[in-house]
Structure formats: C-alpha cells, structure tokens
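# Structural overview
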Amino acid sequence: MKVSIAGGSGYAGGDLLRILLFHPEVEIVQVTSERHAGKLVTTVHPNLRKLTKLKFCPASELEPCDVLFTGLPHGHVMGRLAEFEALAPVLIDLSADFRMNNSDDYEKWYGKPHSCPQHLQDFVYGIPELHREQMRGAKRISGAGCNATATILALHPLFSEGLVESTVVEVKAGSSQGGNASSDASHHPERSGAVRSYKPTGHRHLAEIHQELDADIPVHFSATSIEMVRGLLATCHVFLNRQLTDKDMWKLYRKYYGDEPFIRIVKERSGIHRYPEPKLVAGSNYCDIGFELDPHSNRLVVMCAIDNLMKGAAGQAVQAFNIAHGFEETTGLQFPGLHPV
Amino acid sequence: MATCPVCDADVENPDDPVVGELLTCDDCGCELEVLELKPLKLGEAPEAEEDWGE
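To start, this report covers the structure provided alongside it. These numbers come from a predicted model, not from an experiment.

Reading guide: rules and limits
- Residues numbered from 1 in each chain as written.
- Chains lettered and ligands numbered in written order.
- Predicted model: local features only at pLDDT ≥ 70, side-chain atom pairs only at ≥ 80, totals over all residues.
- Helix = DSSP H or I, 4+ residues; strand = E, 2+ residues; numbered from the N terminus.
- Buried ≥ 20, exposed ≤ 12 C-beta atoms within 10 Å, placed from the backbone.
- Contact = placed C-beta atoms within 7 Å.
- Axes fitted to C-alpha atoms, helices over the stretch in contact; angles between N-to-C directions.
- Parallel < 35°, antiparallel > 145°, perpendicular 65-115°, else oblique.
- Left-handed = near helix turned anticlockwise from the far one by under 90°.
- Nonpolar A, V, L, I, M, F, W, Y, C, P; charged D, E, K, R; others polar.

### Focus on the overall build of chain B
Counting secondary structure elements, chain B contains zero helices and five strands. Along chain B, helices and strands appear, N-terminal first, in the series β-β-β-β-β. Taking all 54 residues of chain B together, 22% fall into the buried category. Of all intrachain contacts in chain B linking residues separated by at least 6 positions in sequence, the fraction that spans at least 24 positions is 19%.

Below is the structure:
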C-alpha cells in the first residue's frame, strides 16, 4: 500500500515515519516539508538514520497514493481538503480540523468559522476503542487530541454507565505537545524545570472530550506543563453518584477494556509502579489506566498515561489505519516502551 | 477456577495446590495465598513487613 505524509517534519510526523517504515503493508512514497524540501528526512529525524533515504519534497510535488496522512498545523488541511482528496482515496488527518461533528462547536472553541463545514461529518473521530466499527472501511479519519484521548479513555466507562456526578481533570503535559517550533515559552532556561499552569480553563480539547463522552454535565479540565518531553498523565477526579467498590471498578474497566490490545489496567498493590506512569509508555502505543477509590468520600481518582506522540497522535492514527484497511489492528505497533528511561 | 478476592478476576487453579501456596493474580498483580482446598479459596497473602530494629 502506497502511503505519503503531508507535513512530515514535525514530531508526530517523525513518529509516523518511525512506525510506518516497519509496517509490513506500507511503502512510504513521499514525505513533504516546505521548509526542509530537498533534505533527507534524517536531517530532521536523526533517529531514522540508516533506515530510510527518503527526502522531503514540497506539497506541490505530491503524487497520487493510496493513503495520505496529514501532519500539518491546525487549519491547513481544511483549507486544502479538495487538493488532498484528489491525491488519495483515504485521508487520515492528525490536526484538529475535523475532530468536531459540527461547525458551531468548532467556531466556539477555535475562534473562527470552519472553512468546509459540510465535510465535518465525513470524518470518523480517531479513537478506535470508541469508533472501531465506524473505522472499518473509512475513507476519512481525524486523529484525536492527545489530552482528549487520555481523558476520554479514562472516563468513557464511567460516563457510558451514567456513574458520574461531576469530574475535574488535571493533565500534566510534556514539552513535545508544543510541537517542534521554538518560542519564548520553550526557551530552555524558561521551560526546563517548569511546573507551569498552561491552561487552567478553556483548553480546546474540552470540545472533543464533551463530544465523545456525550457529557450532559460539565467536565472541568486543567493542563500543567511539567519537566517531561514525551507523555502525559491525566488525573481525573470523579465524584460518583453512587457508592461503588474496588471490585466494581475492576469489573467496569475490565468490561470496557479487557479485550483492548493497547489498553492496560494498571493498579498494583505493591512495588514502585502501582499506577500509570508516562515514562513506562513512552515511545509505545499503550494507554495505561489505573484507579483508586477514596474510602472517605465518593471520589474516584482515575489515572491515564499515554505517549502524546503515539497513542495521542501517530500511533493511534496507524491503529486506525490498520482497522480501516482490515489489517491486524496491532500491525507495526507491537512494541513496549523502554524501561528504564 | 478460583476468584481473586481483590479484583474479582478468574485465577487459574494450580496443579496439586497446598494450603499456604502463593499465587499471583494476572490482573491486579496481588499476591494471593491458598487458604482452603475444597473448594479452593484464596486470600490476600500477608505482605512482608520491614523490621527497622525498633
């Protein structure tokens, strides 16, 4: 299957290359970057040295292919959708352009009108654990936001069963969420060692979270940047509307995720790794979910750790690609994170 | 098949179990102890406690 990547010089594009170079059903044909056109992709992604001789090309030189992944900044794909649709029958977009189901929500959260609202419904939202059946044979898939992925997967069983009275989510985020463009905020003396409240309220991923949880109560969400490059930890404080036990929670999460190839329920009673930790999933497509009930209140704490560039971007996009094409869902993704890191 | 007393997961019966034998639950990782044989009953194994010499 001939695959190209439009916008392959970013961190998510780099991870797409890292995965797809070893995918047995994929031949990567072209990778675009306007800024780096003509250079070897290994000049930007040096971890791929000796694995590929591909060079970046400008998007204007893209040729027809079977599947086009787009890793362009938000707002670019919706402006060039017709151009990309003419190149490939299947589009998988990693940006936020087609995550929302309706244009009002898009405008509310992104502050401007959507440029092709008639196509919003064409895209399947890219979390396989929620939309696996819709993904089979899909021609348009939108990648999900990384913070949204962790929050949605942590809360999905609870919202589906109507167990939530209210919830507050705190995400601790690594610096790679900010992309590979530098800024004053990412300058090393400023970013290193930071514990910076990034979005105490109003994070855009809330739009996806509300949509996908079909939440009729507010989900409160804050994000904090911490000293970490890859990964995020979502800590969800859930106030339950009924009394439940640890066994109830085990049964619930096992019911929803027991057969999921990339979700691991992590709750151990001893040792040093009792709950999900971003370090342990770094570089992998795994999503670790753990929980603990407060014995003195109706608060349940659900923790979810993912690699923002993998389960939160490139890895999940390849998982969706596999499902869409009838490949084994884990193809090209069967590797754990490193330990220790 | 026995049941984990912590997370309710199925725990495979060991061959020729003996009372006091230790098992581990695959789901929650809890160390379990065989308490009774017929029927097989499992309980949480006591955790080793640190002795700081006090």
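### Re the packing of helix α5 (residues 128–135) of chain A against helix α11 (residues 314–324) of chain A
Residues and elements named next belong to chain A. Interaxial distance between α5 and α11 falls to 9 Å at its minimum, and their mutual angle equals 30°. With respect to α11, the element α5 is oriented roughly parallel. Crossing angle aside, the handedness with which α5 passes α11 is right-handed. In this structure, α5 contributes Pro128, Arg132 and Met135 to the contact, and α11 contributes Gln319, Ala320, Ile323 and Ala324. Looking at the contact of α5 with α11 residue by residue, the class counts come to five nonpolar, one polar and one charged.

### Notes on the environment of Asn298 of chain A
Residue and element names in this part refer to chain A. With respect to the helices and strands, Asn298 occurs in the loop between β13 (287–293) and β14 (299–306). Using a count of 14 C-beta atoms within 10 Å as the deciding quantity, one classes Asn298 as partly exposed. Setting aside its immediate chain neighbours within four residues, Asn298 contacts Phe239, Leu240 and Gln243.

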